[in-house]
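Examining the three-dimensional arrangement
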Amino acid sequence: MWDDAFPSFLIGLREGLEAGLIVSVLVATLVRSDRRARLPHVWTGVAAAIGLSLSFGAILTFTSANLSGKAQEAFGGTLSLIAVVFVTAMVFWMRRSARTFSGEIKEKVTAALGMGAGVLVVTSFLAVGREGLETALFLWTTAQAAGSSSGPLVGAAAGLLIAAALCWGLYRRVLHINLTKFFTITGIVLIVIAAGVLGYGLRDLQESTLLPGGTAYAFDLTAHLDPSSWYVTVVQGTLNLTPQMTWLQVCVYGVYLAVVMTLFVRGVRAVAPAPAPAPAPAPAKPATGTEPAPAPAQPESAAMTGKSEPESAATTGKSEPEPAATTAASQPEPTPAQPEAVPPARPAAPALGSETKAPRRIPRWTVPVALVCVPALIAGIAIAASDGKPASSAQVIEVSAAHCGKGFSAPKPGRQTFQVRNTGSRTSEIYLIDPVSNAVYGEVEGIAPGTTRVLIASVGTGSYAWRCVPNGGKAVTSAAVKVSAGGSTQAVLPVSAKDLAAPLASYRTYVDQGLTDLLAATRTLQDDIDANKLDQARKDWLTAHVRYASLGAAYGTFADFDAKINGRTAGLAGGVTDPAFTGFHRIEYGLWHGASAADLAPYAKRLTSDVDALRKDFPKQDFDPGDLPLRTHEILENTLHRELSGNADYGSGTELATTEANLQGTRELLNLLRPLVDKRNPEVTPAVDTWMQRTERLVRAQQGKDGTWTPLDRLSLADRQHLDGTLGQLLEQLAPIPDLLEIRKAA
C-alpha cells in the first residue's frame, strides 16, 4: 500500500500547497484591507470547490464501474492521458508563476471587492476549484494503476494534511520556504511519475484494442524479477514501471521524459534570478556627522513567494515588513540613531597572480539522460546479480504445445505463486487443474509467445496438473503431481459450450413464446389507439411493456431491434421530439403527456411492425451460450441503474412494474442454470433465492389491488433506500454465477 501512496502523497502535497497558498493570499488580502466580514464569502467558494472535486471523483468512479471490461480499459487509459496533460501543464505553470501568482491573486481579490459578494465567491471557487479537479483526476488515475484505492487515498490525505500545516506556518510567519525551489524539485519528480502514468494509460488503451501492439513486448523481465518482490512493487507503485512493457510504452515513456524534462530544466535556468550587483563604495564620512543615514535595504524575497516586500506582505496578512526568505537574509535597516552605518564588506580580492576560473556548468541534457539511464542500469545490475534465475522461490513453469508444464514439481501447501512462461509459438490459455475432475485451481488467459505471467493458486491435498490450450491447437495436459499435506482447496469445475446447450435451447423456446405473446399485446395496444381509447391504451401499454421486459436476458441478441422497440432519448439530439425516438417509451411519453390518438397512431403501428420483424428474425439470430450466465447478473444491474434511478420513466410511473418483470426474467433464467450452479457451488442458489424473495416482496408491496403501481418518486426516502439496498444484496449473491459458469477451454 505504501508504495502506491507516494505518487498521490506528492500530488496531494503539491496541489494542497498551491490551493492553500491561494486561500492564504485571499484571507490575508481581506484582513489587511479590514474586510473581515467578507471572509465567509471566501470560505463559501472554497467549500463549493471542494464539493465539486469530490463529485468529479465520484462521477469518474461510478462511470468506470458501469462499463464493460474493454470499455473500462479505454476509459481509464484516456483519463490517464488527460491526467498527464494536466500534470505537465501544472508543473510548467507553477515554474513560471511561482514568483508572481501571489500578486495576481491579490489583484483579482481587490477587483472582486468592488463588484459584490458573488464575485468574491466565484473568484475563490475558480482559484481553488482548478487545483481540486486536477487532484481528483490524478488520484483516480493513480488508484486505477495501483488496482486499489487505499494506498492512493492514504497518500493523498497525508500530503494534504502536511500542505495544510505548511500553509498555516507560512501564514503565521513561523516557517520560511523557498517556493521556487520547492516547486522545481517536486516538478521534476512529478514529470517522472507522469511518464509512468502515460505508459500505464497506453497499456490500457492497448488492452482495449484501441491501440495496436499489445503483444509486442520490448522486454519481459518476469522470469528474472519477481513481480511480487518488494523492490519491483516499490518501482511499479511509484513510477508505474513494470517488468513487462510493450514497445509503445517504452518509446513514449522515453520520449516524454527526455523532451519534457529537458524543457523543464531549461525553463528553470531561464527564470533563475540574476546575481545581486556588487555594493557601491561607501561615501566619504562627513566631518560634521550630520549626513543622513543610507536608504533602507529592500528585502530580497518574502517568506512565502520570494517577492519584494510590498507584494509579499499580502501573503501573511500583516502590515509590517516580511522576514527574509531562506535563500539570503536581508541586512537590518539602519535607524536614524546610527548615522555612521557600517558599509557592507567588500568581497576579498583574489591573490596576486591567481586566476579566477569560471564555474563549470552541467550540460542541460544531463538530468533527463540520467533519469532514463539510471533505472535501466539498476535493472541491469539486478538481472546480472540474479544470474538468470527467478528472484523468488516461485516455480517457473514452461508451457507450449509440445511441452506443457515443464519444470513443474509438487508444490508446497498454501498460497503459491507460479511464473508461467510461454516458450511456444502460439498465444495460449493456461490452466492449473485437477486431472481427475478437470476442476480449475487457477488460470491465465492469452499468454503471448516469449512472455511470462504470474498465476497464484491455493494448494491443498489433491492432484495437480497443467493444461495448455494454444490458439488453433489441441489441449495438452502435463503429468500430474500429488500433494498430501494441507487442507482442502476449492476449485471451479469448468463449463463447456456443450454444458450450456440444453439451458440455451430451453431459453430460446421461452423467448420465442414471449415474442409471440408480445406481438399480440402490441396489436391490442395499436387497436386501442386506432379506436381513440386512450385510457384503455394506457393499461394495455403496461401489459405489453412488462412482457417485453421479462425477456431481458435476450437483449444482447436483439441487435438493432431493441433500440427501435425500447429505446430511450439518451444520445438523441432532439430528445423526445427526435425522429429516432420510437417504440414503447415514445408511446408512453405521448399517452401521459396529452398526445392525441392521431399523433400516436404511427408510432403504435411501427411498434407492432418492429415486434413482428423481431419475432421472425429471432430464430436466425446467434445467441452466445456464454451470455446466459452473464445475464443472471446484468438484468438486475441494469434495473438498479435505470428503473430504480428514475431514468427510464417517461410519464407512466411504472418503474416498479418493469422491475418486477426483470425479476421474473432473472428467475426464469436462474431456474435453467440452477443444476450447473449447484454442481459447482451448492451454497449460491439458496442465498440467491432468499434475497430474490425479499426483493420481490418489497416491489409487490407497491402494487395496488386494482393493478396500478406506486410511482418511484412517491416512495419515501427510507423505502427507496431499503429497496436499493435489498436489490444490491441480491446482486452480490448473483455475482459468483458468471464466474462459475464461464466457458473455459480447460473443459
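Residues numbered from 1 in each chain as written. Predicted model: local features only at pLDDT ≥ 70, side-chain atom pairs only at ≥ 80, totals over all residues. Heavy atoms only, no water.

This brings us to the overall build of the protein chain. Along the protein chain, the regular secondary structure elements total 21 helices and 10 strands. Buried residues in the protein chain amount to 44% of all 747 residues. Considering only contacts in the protein chain between residues 6 or more positions apart, those separated by 24 or more positions represent 76%. Carbon and sulfur atoms make up 59% of the accessible area of the protein chain, which totals about 36,600 Å². (Helix = DSSP H or I, 4+ residues; strand = E, 2+ residues; numbered from the N terminus. Buried < 20%, exposed > 50% of the residue type's maximum accessible area, 1.4 Å probe, protein only. Contact = heavy atoms within 4.5 Å. Areas by Shrake-Rupley, 256 points an atom, 1.4 Å probe, with all protein chains shown as cover.)

Turning our eyes to something else, we now look at the state of the cysteines. Working definition: the covalent bond between the sulfur atoms of two cysteines is a disulfide. All chains considered together, the criterion is met by 1 disulfide. Each sulfur of the disulfide joining Cys404 and Cys468 lies 1.9 Å from the other. In this structure, the disulfide formed by Cys404 and Cys468 twists by about 80 degrees around the S-S bond and is classed as right-handed. Linking Cys404 in the loop between strand 3 (395-399) and strand 4 (414-422) with Cys468 in strand 8 (residues 462-470), this pair joins segments that are 64 residues apart in sequence. The class of Cys468 is buried, set by a relative accessible area of 1%. (Disulfide = S-S within 2.5 Å.)

Between the first and last C-alpha of helix 20 (residues 717-734) there are 26 Å, a value that for 18 residues agrees with the 26 Å anticipated at 1.5 Å per step. Among the residues of helix 20, Leu723, Thr726, Leu727, Leu730, Leu731 and Leu734 are the ones counted as buried. Viewed end-on, helix 20 has its buried residues packed into an arc of 145 degrees, placing them on one side of the element. Those residues of helix 20 that are exposed and angled more than 90 degrees off the buried face are Leu717, Ala718, Gln721 and Glu732. Along its buried surface, helix 20 packs onto helix 17 (627-641), helix 18 (655-680), helix 19 (684-700) and helix 21 (736-740). (Expected span 1.5 Å × (residues − 1). Arc of directions from axis to C-beta.)

Looking now at helix 12 (residues 501-530). The terminal C-alpha atoms of helix 12 lie 43 Å apart, and with 30 residues this matches the ideal 44 Å at 1.5 Å per residue to within 8%. A positive phi of about 60 degrees marks Asn532, the residue just after helix 12.

Looking now at the pattern of salt bridges. Oppositely charged side chains are able to pair whenever their charged atoms sit close together. Per the counting criterion, the structure on display carries 9 salt bridges. A salt bridge links Asp610 to Arg606; the shortest N-O distance between them is 3.8 Å. Taken together, the residues Asp610 and Arg606, both in helix 16 (residues 597-617) and 4 residues apart, mark about one turn of the helix. We note a salt bridge from Asp689 to Arg674, for which the minimum N-O separation is 3.0 Å. Residue Asp689 is found in helix 19, and its partner Arg674 is found in helix 18; the two are separated by 15 residues along the sequence. Each member of the pair Asp689 and Arg674 is classed as buried. (Salt bridge = Lys/Arg side-chain N within 4 Å of Asp/Glu carboxyl O.)

Once that is clear, we can look at the environment of Val192. Its place among the elements puts Val192 in helix 7 (residues 179-207). Residues Val192 and Met261, 69 residues apart in the sequence, show an inter-C-alpha distance of 8.4 Å.

Turning our eyes to something else, we now look at the sheet that holds strand 7 (residues 452-459). Pairing within the open sheet is mixed, and its 3 strands lie in the order 3-4-7. Of all strands in the sheet, those with a lone pairing partner are strand 3 and strand 7, marking the two edges. Strand-to-strand twist in this sheet, taken as the mean axis angle between neighbours without regard to direction, amounts to 35 degrees. Relative to strand 4, strand 3 runs parallel, the two sharing 5 bridges. Bridged to Val399 within strand 4 is Asn422. (Pairing = 2+ DSSP bridges. Axes fitted to C-alpha atoms, helices over the stretch in contact; angles between N-to-C directions.)

Okay, the pairing of strand 4 next. Two strands pair when backbone bridges link them, and strand 4 and strand 7 are joined in this way by 8 bridges, in the antiparallel orientation. Across the sheet, the residue bridging to Gly414 is Val459, located in strand 7.

With that settled, consider the packing of helix 15 (residues 584-591) against helix 16. Each packed pair of helices is defined by two parameters, the angle between the axes and the distance between the axes. Axis separation between helix 15 and helix 16 bottoms out at 9 Å; the angle between their running directions is 155 degrees. In terms of orientation, helix 15 lies roughly antiparallel with respect to helix 16. Once helix 15 is placed against helix 16, the crossing between them reads as left-handed. Contacts between helix 15 and helix 16 pair Phe584, Arg586, Ile587, Gly590 and Leu591 from the former with Leu600, Tyr603, Ala604 and Leu607 from the latter. (Parallel < 35°, antiparallel > 145°, perpendicular 65-115°, else oblique. Left-handed = near helix turned anticlockwise from the far one by under 90°.)

Any link to function would need more than the numbers given here.
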